[in-house]
Amino acid sequence: MEKISFNIDNLTGEALRLNASSPSRAVLFAAGGGGNPERHLPLLKVLSESGCTVIAPYFERLASSRPSLDELHSRVNSLQGALNIIGESNLPIIGIGHSIGATLLLALAGGQMWMREGQRFLVTRDERIKKLVLFTPPTGFFQAPKSLENVHASIQAWAGSLDTFTPPQQLEILKESPHIHLETRIIEDAGHFSFMNTLPPNVVDTVKDRELFLTNLAADVCDFVMS
């Protein structure tokens, strides 16, 4: 495990990298609003031990639950910089993300994002992303007709039954694209942050037997990634 730096469009970014001994896959991980991928470190370690090289950019914490265009651009730039690093290995690329990180990976896979003000947020599609794992993705950005028609990917999407930020109903829109092969996981008693190994400050999780849940989650994700 190491921290690396990268440059894209004259901007410098930093990412966490976990190398597998004999990698067969590459994982691009996108953290949520807090921006720190180390809060998912046990999951990332399991992926690395299973044969995945993992690149996980660090982001600046979002100022509010409604990200600005500048904040989104900064995160996309970091993800694209990380993709440039991954692309050098010629390994199959899987995107895994939590919350707004999951949304941006869906955009990189071809989704058309729209802001509440009706302004489109342009993201260049990266055709190398053929598989996604999305934890509690805010899908309100993709409400415009045919916003997901250019997404050609297998997706494992997770939601918590008690999530008040991105309730399970937000996964329904993923079913509208004929080019998405979708698996859904609705976790009883889970909230928006249950899918993080390290919870944000002052958050008390509601999921039952949290340690067992996270162990099973990692195994399920690895099975999907390596299939």
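What counts, and where the lines are drawn
Residues numbered from 1 in each chain as written. Predicted model: local features only at pLDDT ≥ 70, side-chain atom pairs only at ≥ 80, totals over all residues. Heavy atoms only, no water. Helix = DSSP H or I, 4+ residues; strand = E, 2+ residues; numbered from the N terminus. Rg over C-alpha atoms; globule rule 2.2 N^0.38 Å. Buried < 20%, exposed > 50% of the residue type's maximum accessible area, 1.4 Å probe, protein only. Contact = heavy atoms within 4.5 Å. Areas by Shrake-Rupley, 256 points an atom, 1.4 Å probe, with all protein chains shown as cover. Phe/Tyr/Trp six-rings, centres within 6.5 Å; stacked < 30°, edge-to-face > 60°. Lys NZ or Arg CZ within 6 Å of the ring centre and 35° of its normal. Salt bridge = Lys/Arg side-chain N within 4 Å of Asp/Glu carboxyl O. Core = buried A, V, L, I, M, F, W, Y, C linked by side-chain atoms within 4.5 Å. 1 Å grid on protein atoms, 1.4 Å probe; cavity = no way out; pocket = protein on both sides within 12 Å on 5 of 7 lines; lining within 4 Å. Points joined across faces, edges and corners; volume = space filled by probe spheres on them. Nonpolar A, V, L, I, M, F, W, Y, C, P; charged D, E, K, R; others polar.

Chemist: Please give an account of the overall build of the protein chain that cites residues and values.
Modeler: Helix and strand counts for the protein chain come out as 4 helices and 10 strands. Helices (α) and strands (β) of the protein chain occur, in sequence order from the N terminus, as β-β-β-α-β-α-β-α-β-β-β-β-β-α. Expected size for 227 residues packed as a compact globule is a radius of gyration near 17 Å; at 16 Å, the protein chain falls within 12% of this value. Taking the principal axes of the C-alpha coordinates as reference, the protein chain spans close to 40 × 40 × 35 Å. Counting every position in the protein chain, which comprises 227 residues, the buried fraction comes to 54%. Within the protein chain, counting contacts between residues at least 6 apart in sequence, those at least 24 apart form 71% of the total. Surface exposure of the protein chain reaches about 10,600 Å², of which carbon and sulfur atoms provide 48%.

Chemist: How would you summarise the packing of aromatic side chains if you had to cite specific residues and measurements?
Modeler: All chains considered together, the criterion is met by 5 aromatic pairs. A ring pair is formed by Trp 158 and Phe 195, whose centres lie 6.2 Å apart and whose planes are at 70°; its orientation type is edge-to-face. Linking Trp 158 in strand E9 (residues 153–160) with Phe 195 in the loop between strand E10 (180–187) and helix H4 (210–226), this pair joins segments that are 37 residues apart in sequence. On the accessibility criterion, Trp 158 (3% relative accessible area) is buried. When the ring of Phe 165 is compared with that of Phe 193, the centres are 5.8 Å apart and the planes differ by 70°; the resulting orientation is edge-to-face. Pair noted here: Phe 165 is in the loop between E9 and E10 and Phe 193 is in the loop between E10 and H4, with a separation of 28 residues, a long-range link. Taken together, the aromatic side chains of Phe 135, Trp 158, Phe 195 and Phe 213 make up a single cluster linked through ring pairs. Above the face of the Phe 224 ring, Lys 131 is positioned so that its terminal group lies 5.0 Å from the ring centre.

Chemist: Break down the pattern of salt bridges for me, with residues and values.
Modeler: The final tally for this structure, using the stated rule, is 9 salt bridges. The partner of Arg 17 in a salt bridge is Glu 2, and the shortest N-O contact between them spans 2.8 Å. Placement of the pair is Arg 17 in strand E2 (residues 11–18) and Glu 2 in strand E1 (residues 2–8), with a sequence separation of 15 residues. A relative accessible area of 33% means that Glu 2 is categorised as partly exposed. Salt-bridge contacts for Arg 128 lead to Asp 126; the nearest nitrogen and oxygen are separated by 2.7 Å. You can call Asp 126 buried: its relative accessible area is 14%. In the salt-bridge network here, residues are joined through shared partners; they are Glu 183, Arg 185 and Asp 220.

Chemist: Please provide a residue-by-residue account of the nonpolar core, values included.
Modeler: Judged by nonpolar contacts, the single largest core of 75 residues is most densely connected at Leu 47, Ile 96 and Val 221. Sorting elements by how many residues they give to this core places H4 first, with 8 residues. With residues up to four places along the chain from it excluded, the contact list for Ile 96 reads Val 27, Leu 28, Phe 29, Ala 30, Leu 47, Leu 105, Val 133, Phe 135, Val 221 and Val 225.

Chemist: Before we move on, could you go through the layout of surface pockets and cite the residues and values that matter?
Modeler: The volume enclosed by the largest pocket comes to roughly 890 Å³. Forming the boundary of the largest pocket are 34 residues, of which Ser 64, Ser 65, Arg 66, Pro 67 and Ser 99 lie nearest the centre. Per-class residue counts for the lining of the largest pocket are 14 nonpolar, 15 polar and 5 charged.

Chemist: Can you tell me about unusual backbone geometry, naming the residues and giving the values?
Modeler: Despite not being glycine, Lys 146 shows a phi value in the positive range, around 65°. Under the relative-accessibility criterion, Lys 146 is labelled exposed at 61%. With a phi close to 70°, Asp 189 is a non-glycine residue in the positive phi region. You can see Asp 189 is positioned in the loop between E10 and H4.

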